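Listed below, chain by chain, are the residues.
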Amino acid sequence: MKTTIGLLQHACTRDPAQNLKKTLALAEQAAKRGAKIICTQELFRSQYFCQSEDHANFLLAEAIPGPSTAAFQKLAKKHKVVIVASLFEKRAGGLYHNTAVIIDADGKLLGIYRKMHIPDDPLYYEKFYFTPGDTGFRAWQTKYGKIGVLICWDQWYPEGARLTALQGAEILFYPTAIGWHPKEKAKYGANQHGAWETIQRAHGVANGCFVAVTNRIGTETPVGGDGIQFWGQSFVAGTSGEILAKASTDKEEILLVPVDLGSVDTTRTHWPFLRDRRIDAYGDITKRYID
């Protein structure tokens, strides 16, 4: 099956309603231009609020299903497209998740994925806001192919990609919000970005599947200081890890990438990593460290 991936890369404002309106408009443009599976960037409804620990930011969260879910379901049904949308979920009082909703081309909510790996680093204080996911790693059969969804910090972990691919995922989607600390960019910037891109391309190689990554652009300083300069460069990698298309570092873009899902079977047949896995020897992978 051939399909077209649509990645929505843009800057975010301080106004959640404006961000939702923009993202819906970009998704509609992507659909009209031929996208069949559309993915937002991580937490697109706001600026990246995890730069500080502030209880007021919990007001940004919403229920799932909720208003954003409903808006994307309506758009998906209207244009017959699959949508992956990243939201700040309020599950219950005091219980919040970084969650992606997966909507099929008939507007049906197929399910959710809650981010499993939660970082805690300077300006990325996500452990204050998000409970680690309890959905496990999942894949969904959509009208346009079987897809898996992981979120940002998950992208550094081969275990998550593998467990999703083992459920038959042909495309791994990673909604993302990542960038440079401006003062570190000159010294570390190239290596940081290179590592981020390489690890995800490697997921495509190891699993013989496509990898689609959506990242935001712009410098955000919600708590003052230098903030984070998001590096954009959303991309799609092929089943051998090759870059099929990449967006810019600083421009709003709808990245449209046609892919042939038949190449997943071809790649996995000629590079049979799944066949040759020694599952009898991997028991210690569940340990924190092998002392």
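Sequence order sets the numbering: in each chain, residues are counted from 1 along the sequence as written. Residues qualify for local features only when their pLDDT is at least 70, as the model is predicted, and side-chain atom pairs are given and counted only at 80 or more; totals for whole chains, interfaces and linings, by contrast, use all residues. Side-chain metrics in this entry use all non-hydrogen atoms of the structure; hydrogen atoms and water are not considered.

Account for the nonpolar core, with residues named and values stated.
Within the largest apolar cluster, 59 residues are counted, with the highest numbers of intra-cluster contacts made by F88, I147, I171 and F173. In contact with I171, not counting residues within four places along its chain, are I5, I37, K146, I147, G148, F210, A212 and L261. We define the nonpolar core as a collection of buried residues of types Ala, Val, Leu, Ile, Met, Phe, Trp, Tyr and Cys that are connected through side-chain atoms lying within 4.5 Å of one another. We call a residue buried when its accessible area falls under 20% of the maximum for its residue type, exposed when it is over 50%, and partly exposed in between, using a 1.4 Å probe and counting protein chains only. With 22 residues, the next largest nonpolar core counts A31, A35, F72 and I112 among its residues. The contact criterion used throughout is that any non-hydrogen atoms of two residues lie within 4.5 Å.

Can you break down the sheet that holds strand β15 (residues 235-237) residue by residue, with the values?
At least two DSSP bridges between two strands are needed for those strands to be called paired. The numbering of helices and of strands both runs from the N terminus, where a helix is a DSSP run of H or I of at least 4 residues and a strand a run of E of at least 2. Taken in spatial order, the six strands make up an open sheet running β8-β9-β10-β12-β15-β16, and their pairing is mixed. Single-partner strands in this sheet number two, and they are β8 (139-142) and β16 (243-246). Averaged over all pairs of adjacent strands, the angle between strand axes in this sheet comes to 20°, irrespective of strand direction. For β8 and strand β9 (residues 145-149), the ladder comprises four bridges, and the chain directions are antiparallel. Residue pairing in the sheet places Q141 in a bridge with K146 of β9. Axis angles are defined between N-to-C directions and span 0 to 180 degrees, where every axis is a line fitted to C-alpha atoms and, for a helix, only to the segment in contact.

Before we move on, could you go through the pairing of β16 and cite the residues and values that matter?
Sheet analysis places β15 next to β16, joined by three bridges and oriented antiparallel. Pairing of V236 across the sheet is with A245, part of β16. What sits between the antiparallel neighbours β15 and β16 is a turn of five residues, in which G241 has the positive phi angle 85°.

Explain the packing of helix α3 (residues 158-165) against helix α4 (residues 185-207) to me, and be specific about the residues and the numbers.
Two quantities define a packed helix pair, namely the angle between the axes and the distance from one axis to the other. Running from amino to carboxyl end, α3 crosses α4 at an angle of 40°, the nearest separation of the two axes being 10 Å. Accordingly, the angle class assigned to the pair α3 and α4 is oblique. For the pair α3 and α4, the crossing hand works out as right-handed. Counted together, P158, A161, R162 and A165 of α3 and H203, A206 and N207 of α4 form the full contact between these two elements. Note on residue classes: Ala, Val, Leu, Ile, Met, Phe, Trp, Tyr, Cys and Pro are nonpolar, Asp, Glu, Lys and Arg are charged, and everything else, Gly too, is polar. Grouping the constituent residues of the contact of α3 with α4 by class yields four nonpolar, two polar and one charged. For this classification, under 35 degrees means roughly parallel, over 145 means roughly antiparallel, 65 to 115 means roughly perpendicular, and everything else is oblique. Helix crossings get a hand from a simple test, with the near helix turned counterclockwise from the far one by less than a right angle marking a left-handed crossing and a clockwise turn marking a right-handed one.

Explain unusual backbone geometry to me, and be specific about the residues and the numbers.
Following I64, the chain continues to P65 via a peptide bond in cis, the omega torsion being -5°. Looking at where P65 falls in the secondary structure, it is placed in the loop between β2 (37-39) and α2 (67-79). Positive phi is not limited to glycine here, since K80 has a value of about 55°. Positionally, K80 belongs in the loop between α2 and β3 (82-92). K80 sits in the partly exposed class, given a relative accessible area of 48%. The phi angle at Q233 is positive, at roughly 55°, despite the residue not being glycine. One can find Q233 in the loop between β14 (228-231) and β15. On the basis of relative accessibility, which here comes to 11%, the residue Q233 falls in the buried class.

Tell me what's going on with the pairing of strand β5 (residues 109-114), and back it up with residues and numbers.
Alignment of strand β4 (residues 95-103) against β5, held across five bridges, turns out to be antiparallel. Within β5, the residue paired with A100 across the bridge is Y113. The turn joining β4 and β5, which pair antiparallel and follow one another in sequence, is formed by five residues; a positive phi near 90° is taken by G107.

Kindly report on the side chain of E220, identifying the contributing residues and their values.
As for its position among the elements, E220 is in strand β13 (residues 217-220). You can call E220 buried: its relative accessible area is 1%. Polar contact is defined as a pair of N or O atoms within 3.5 Å, subject to the rule that within protein one atom must be able to donate a hydrogen and the other to accept it, and that residues adjacent in sequence are counted only when both atoms are side-chain atoms. Polar contacts involving the side chain of E220 include one to the main-chain amide nitrogen of Y48, which spans 2.6 Å. Setting aside its immediate chain neighbours within four residues, E220 contacts C12, Q47, Y48, Q51, G227, I228 and F230.

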